[in-house]
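Observations on the model geometry
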Amino acid sequence: MKPMISEKSDVLLQFYSNYGLTQREIEILSLLATYGYTNKEIAENCCISEKTVKIHLANIMGKIGIGSMRKLLALLLQQALLVSRLGAGESVRVASMGMR
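Here goes a summary of the coordinates provided.

Our next topic: the packing of helix H4 (residues 50-64) against helix H5 (residues 69-86). Between H4 and H5, whose axes approach to 11 Å, the crossing angle comes to 60°. In terms of orientation, H4 and H5 fall into the oblique class. You can see that H4 and H5 cross each other, and the crossing is left-handed. Contacts between H4 and H5 involve Leu57, Ile60, Met61 and Ile64 from the first element and Met69, Leu72 and Leu75 from the second. Class assignment for the residues of the contact of H4 with H5 results in seven nonpolar, no polar and no charged.

Definitions and cut-offs
Here the residue numbers are simple positions, counted from 1 along each chain's written sequence. Per-residue local features are limited, in this predicted model, to residues with pLDDT of at least 70; the limit for side-chain atom pairs, both in listing and counting, is 80 or more; totals at the level of whole chains, interfaces and linings are taken over all residues. Hydrogen atoms and water are omitted, and side-chain values are computed over all heavy atoms in the structure. Lines fitted to the C-alpha atoms define the axes, with helices restricted to the stretch that makes contact. Angles between their N-to-C directions range from 0 to 180 degrees. Helix and strand definitions follow DSSP, with helices as H or I runs of at least four residues and strands as E runs of at least two, each counted in order from the N terminus. In what follows, roughly perpendicular refers to angles from 65 to 115 degrees, roughly parallel to angles under 35, roughly antiparallel to angles over 145, and oblique to any angle outside these ranges. What makes a crossing left-handed is the near helix being turned counterclockwise from the far one by less than a right angle; a clockwise turn instead makes it right-handed. Whether two residues are in contact is decided by their heavy atoms: any pair within 4.5 Å suffices. Residues are grouped as follows: nonpolar covers Ala, Val, Leu, Ile, Met, Phe, Trp, Tyr, Cys and Pro; charged covers Asp, Glu, Lys and Arg; every other residue, Gly included, is treated as polar.

Structure representation (structure tokens):
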């Protein structure tokens, strides 16, 4: 059963908006961050190849300016923690400098 991606948290929506991700990048990052899917599971869910998933993930990391999946997920977690402290209505952008 395909998960409902439309029910994203405010944190994820703000993160996507801050970094100008495409719809497909949003879908892929949502599956990774929300459900912990592997590249293979993401590929199956999105009806694309694993190689295409890897390309999208590389593009996401390039837009954000980080060099690893761990740092990408850490950045999402930092954003979530900041939003929870400031309130969902606040605009937050976690600096990715020094995250390579």
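We are not done yet, so read on.
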